[in-house]
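Working through the structure, step by step
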Amino acid sequence: MGATSAGAGDRAGDARFRVGIAGYDLWPHAVAFCRSLRDADFCRISDVWDDDPRKLARLVELTGATGHAGLDAFCASGAQGAIVTVRTDRRPAVATALAAAGKHVLSDKPMAMDAAGCLAIIDACRTAGVVLMGGYNFRFWKVWPLMKRIFDAGELGAPVHFYCAYNTGMVPRSEWEPTYDSYWTDPQATPGGGWLTHGDHAVDLVRWLFGCEFTEVLADMRSLRYPQYAVEDYGVVHALLDNGATALIHSDAIAPAARIDVEVICEHGGMSYKLVPEPRLKVWGAPSLGAGVVDFALRDDWVDALGEMTRAFVHACRTGDPPPVTGEDNLRVMEVATAAYRSARESRRVAVARAPVER
């Protein structure tokens, strides 16, 4: 297939890392990546791909990059790495094709429909010798790294419990199609519904914050507002962790407005974060911060976080340093999700299986 150029594909003398955008389907992220990287000093979007003409035109409009209607042409382009934002069921095929072409891969989350798909991407990138980074942008907000620094300092003691509620509304099919009959609710295109959309962020946050793994889950998934779809719009997962702590993760797609509530309970103190009515982090039991209870007001922008995540990806590609979010991180989150959905189907506790990863 031919390419549609808007003049950004090749710029003589521009030493910035050339990145491609692979697919519009995860459009809130795809559009946000385009906007976040528009004036980046560390990279430029040189090429975009989608096999749907309207979606491709939108990516070209947002970036001014060279548009490719065929995946082969995109893989053969001048992009040095690509951000994979095509719908989940297509990510393994797209990511492995990019790896085979020598392109570094930043795969949005979840990386695949199941653990096997994640392993296929991990193996393809390892074989090709390219960087594979996962798309958990929470790690690049301001609040979560601050919480991790406080926890790692040790004053709070061992973790006891983690709680997260991350609730939003349903995601439309596209910017111009307000229907919820979409890839987001099609079980052939997504491994989960309202719980997975944001619950996987919390799973990754727990693993990263505590340096632990999930061992067992008990889940309840329901369709409360949108019973016409085969995926849930509400879910809650109770989990046991291998450090002896517990976690409860609630996520849904039926909230009237977005909210994030997080609590971390430790032996000697804890932390709590609320996004609304204004973003605030409260810490207690850490005297080195100067008071018994300390409040932080932190203004986060998740679009900026996508930019910082891409910066970390580019750094790994240029230096050979390990990426801060690995393919294995994405695999482990997918394994927890798989166990959670099985638990909900079978109404019982399910152990989390962890596949070995070749180094």
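Note: the structure precedes this text.
Only a predicted model underlies this, so the values are computations on that prediction, with no experimental measurement involved. (Residues numbered from 1 in each chain as written. Predicted model: local features only at pLDDT ≥ 70, side-chain atom pairs only at ≥ 80, totals over all residues. Heavy atoms only, no water.)

On to the packing of aromatic side chains, then. Counted under the stated rule, the structure contains 13 aromatic pairs. A centroid spacing of 5.6 Å and a plane angle of 80° characterise the contact between Tyr-180 and Tyr-226, whose relative ring orientation is edge-to-face. Here Tyr-180 is found in the loop between β8 (159-167) and α7 (194-210), whereas its partner Tyr-226 is found in the loop between β9 (214-222) and β10 (234-241), with 46 residues between them in sequence. Taking relative accessible area as the criterion, Tyr-180 reaches 26% and is therefore assigned partly exposed. Tyr-226 sits in the buried class, given a relative accessible area of 14%. Taken together, the ring pairs in this structure connect Phe-138, Trp-141, Trp-144, Tyr-166 and Tyr-273 into an aromatic cluster. (Phe/Tyr/Trp six-rings, centres within 6.5 Å; stacked < 30°, edge-to-face > 60°. Helix = DSSP H or I, 4+ residues; strand = E, 2+ residues; numbered from the N terminus. Buried < 20%, exposed > 50% of the residue type's maximum accessible area, 1.4 Å probe, protein only.)

For the rest of this paragraph, the subject is the nonpolar core. Membership of the largest hydrophobic core comes to 112 residues, with the highest contact counts inside it found for Trp-144 and Phe-162. Top contributing element to this core by residue count: α7, with nine residues. In this structure, Phe-162 is in contact with Ala-202, Leu-205, Val-206, Leu-209, Phe-210, Thr-246, Ala-247, Leu-248, Val-262, Glu-263 and Val-264, ignoring residues within four places of it in sequence. Counting five residues, the second-largest nonpolar core is a separate cluster that includes Tyr-226, Tyr-229, Ala-253 and Ile-254. (Core = buried A, V, L, I, M, F, W, Y, C linked by side-chain atoms within 4.5 Å. Contact = heavy atoms within 4.5 Å.)

Along helix α6 (residues 143-152), eight of the 10 residues are buried, which leaves the element largely enclosed by surrounding structure. Within the sequence span of α6, burial applies to Val-143, Trp-144, Pro-145, Leu-146, Met-147, Lys-148, Ile-150 and Phe-151. Buried residues in α6 make contact with β8, α7, β12 (259-266), β13 (270-274), β14 (280-284) and β15 (293-297).

In this structure, His-104 sits in strand β6 (residues 104-107). Not counting residues up to four positions away in its chain, the partners in contact with His-104 are Phe-17, Gln-80, Gly-81, Ala-82, Val-130, Val-131, Phe-313 and Cys-317.

Per the stated rule, a full pass over the model turns up 30 salt bridges. Ionic pairing is found between Arg-58 and Glu-61, a salt bridge with its closest N-O pair at 3.0 Å. Taken as a pair, Arg-58 and Glu-61 lie in helix α2 (residues 53-63) at a separation of three residues, close to a single helical turn. Taking relative accessible area as the criterion, Arg-58 reaches 15% and is therefore assigned buried. A residue is classified by how much of its surface remains accessible, and Glu-61, at 58% relative accessible area, is exposed. Measuring nitrogen to oxygen at the nearest pair gives 2.8 Å for the salt bridge that ties Glu-175 to Arg-58. Remark: Arg-58 occurs in helix α2 and Glu-175 occurs in the loop between β8 and α7; sequence separation between them is 117 residues. Through salt bridges with shared partners, a single network forms among Arg-139, Asp-204, Arg-207, Glu-213 and Asp-329. (Salt bridge = Lys/Arg side-chain N within 4 Å of Asp/Glu carboxyl O.)

Turning next to the sheet that holds strand β16 (residues 350-351). Where strands meet in a sheet, backbone hydrogen bonds hold them as pairs that are either parallel or antiparallel. In spatial order, the strands read β15-β14-β13-β12-β8-β11-β10-β9-β16; together these nine strands make up an open sheet with mixed pairing. Pairing within the sheet leaves two strands with one partner each, and these edge strands are β15 and β16. Where β12 and β13 come together, five bridges link them in antiparallel fashion. When the bridges of β13 are listed, Glu-263 appears paired with Ser-272. (Pairing = 2+ DSSP bridges.)

Moving on: the state of the cysteines. One pass over the full model with this rule turns up zero disulfides. Cys-212 supplies the cysteine sulfur nearest to Cys-164, a cysteine that is in no disulfide, at a spacing of 14 Å. Here Cys-266 stays free of any disulfide, with the sulfur of Cys-212 as its closest cysteine sulfur at 11 Å. On the basis of relative accessibility, which here comes to 6%, the residue Cys-266 falls in the buried class. (Disulfide = S-S within 2.5 Å.)

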